[in-house]
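Remarks on the overall topology
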Amino acid sequence: GADRPPVILYEEVVKRYGGFVALNGVSARVHQGEVVCLIGPSGSGKSTLLRCTNALEAIEGGRIVFEGQTLPTPALAAPVRRRMGMVFQNFELFPHKSALENVAIGPRTVLGTAKAEAEEKAQALLVKVGLADKAASYPSELSGGQQQRVAIARALAMEPEVMLFDEPTSALDPETVGEVLNVMKRLAEEGMTMIVVTHEMTFARRVGSWVVVFDKGRVVEEGVPKQVFEQPREQRTRDFFSHLS
Ligand code: ADP
Ligand code: MG
């Protein structure tokens, strides 16, 4: 609810690459259990905001507050980063490890979980993402959708407070997009707090609890999906939607 402090608070966040302003004073908030969908044209700063949220990159102005604490600089952010699960467009699984090993390796190496326990947990997560029978398979033996579901399981293995998705289905064959979106929908229904950068407008509309529209490094509009999709207030939001169709 809006009366509780947000899990993530963005205050006037500024991110520059040299002279280029990628985030130009972004303010937003993400509450517990919300699925915040970031939409907007290519190059508008959506991925940059996720990378800054994960403290993979420093910001030049404003602040990002995660669970009440201002994010530290990237060099000091490993403990914070561990509490956020990041899922990228291209999965980035270890190619020479099985699906099970890919999921178990985080708990084993980072959390110090014993091998048997980490593998038991990994198997349960593979069941959760519908890959019970693929534990021994290597990434090259899996479809894109299956690899992405392994990547989601790998992120969940760290028991994150929030999941950050950057266009998780953009690199997939069309026939495997649905299986990944279904896993994400189920996570949302279980109450996972999620930020999802996506071009899947049906997902944003049906699963999103809040939609944030980016353009040129700024939030141009935000609201519940029904409002943003059915009665966009801003011309730039309407322009973005018209370019999609
Ligand atoms: P989106 O995810 O919305 O497509 P990005 O956040 O990837 O947009 O990029 C926003 C802008 O910042 C783009 O113009 C992009 O070229 C620029 N940008 C992103 N990363 C870098 C970087 N490492 N160095 C220079 N410019 C970058
Ligand atoms: Mg992007």
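See the structure above.
First things first, this report covers the structure right here in the doc. Since we're looking at a predicted model, the values are computed, not measured.

Looking at the pairing of strand E7 (residues 162–166)
Counting buried positions along E7 gives five out of five residues, so the element sits mostly inside the fold. Neither face of E7 is exposed, since Val162, Leu164 and Asp166 on one face and Met163 and Phe165 on the opposite face are all buried. Pairing analysis gives four bridges linking strand E6 (residues 84–87) to E7, with the strands arranged parallel. Across the sheet, residue Val87 finds its bridge partner in E7, namely Phe165. Sheet topology note: the E7/strand E8 (residues 193–197) ladder contains five bridges and is parallel. Each residue of the ladder has a partner; that of Phe165, found in E8, is Val196. Handedness of the crossover joining E7 and E8 through helix H6 (residues 174–189) is recorded here as right-handed.

Quick notes on the packing of aromatic side chains
Going through the model one piece at a time under the given rule, you end up with two aromatic pairs. Residues Phe229 and Phe241 carry aromatic rings whose centres are separated by 5.2 Å and whose planes lie at 25° to one another, so their mutual orientation is stacked. Of this pair, Phe229 sits in helix H8 (residues 225–230) while Phe241 sits in helix H9 (residues 235–244), and the two are twelve residues apart along the sequence. For the pair Phe229 and Phe241, a shared accessibility class is recorded, and that class is buried. With a centroid separation of 5.8 Å and an interplanar angle of 40°, the aromatic rings of Phe240 and Phe241 are classed as tilted.

Brief notes about the site of ligand 1
Around ligand 1 lies a shell formed by Tyr17, Phe20, Ala22, Pro41, Ser42, Gly43, Ser44, Gly45, Lys46, Ser47, Thr48 and Arg51. At 3.0 Å from an oxygen atom of ligand 1 is found a main-chain nitrogen or oxygen belonging to Gly45. Relative to its unbound accessible area of 560 Å², ligand 1 is 61% covered by the protein chains. Elements with a minimum of two residues in the shell around ligand 1: strand E2 (20–30) and helix H1 (46–53). No other element matches H1, which puts four residues into the shell around ligand 1.

Calculation criteria
Residues numbered from 1 in each chain as written. Chains lettered and ligands numbered in written order. Predicted model: local features only at pLDDT ≥ 70, side-chain atom pairs only at ≥ 80, totals over all residues. Heavy atoms only, no water. Buried < 20%, exposed > 50% of the residue type's maximum accessible area, 1.4 Å probe, protein only. Helix = DSSP H or I, 4+ residues; strand = E, 2+ residues; numbered from the N terminus. Pairing = 2+ DSSP bridges. Right-handed = clockwise from strand over helix to strand, strands pointing away. Phe/Tyr/Trp six-rings, centres within 6.5 Å; stacked < 30°, edge-to-face > 60°. Near = heavy atom within 4 Å. Polar contact = N/O pair within 3.5 Å; in protein donor to acceptor, adjacent residues only side chain to side chain. Areas by Shrake-Rupley, 256 points an atom, 1.4 Å probe, with all protein chains shown as cover.

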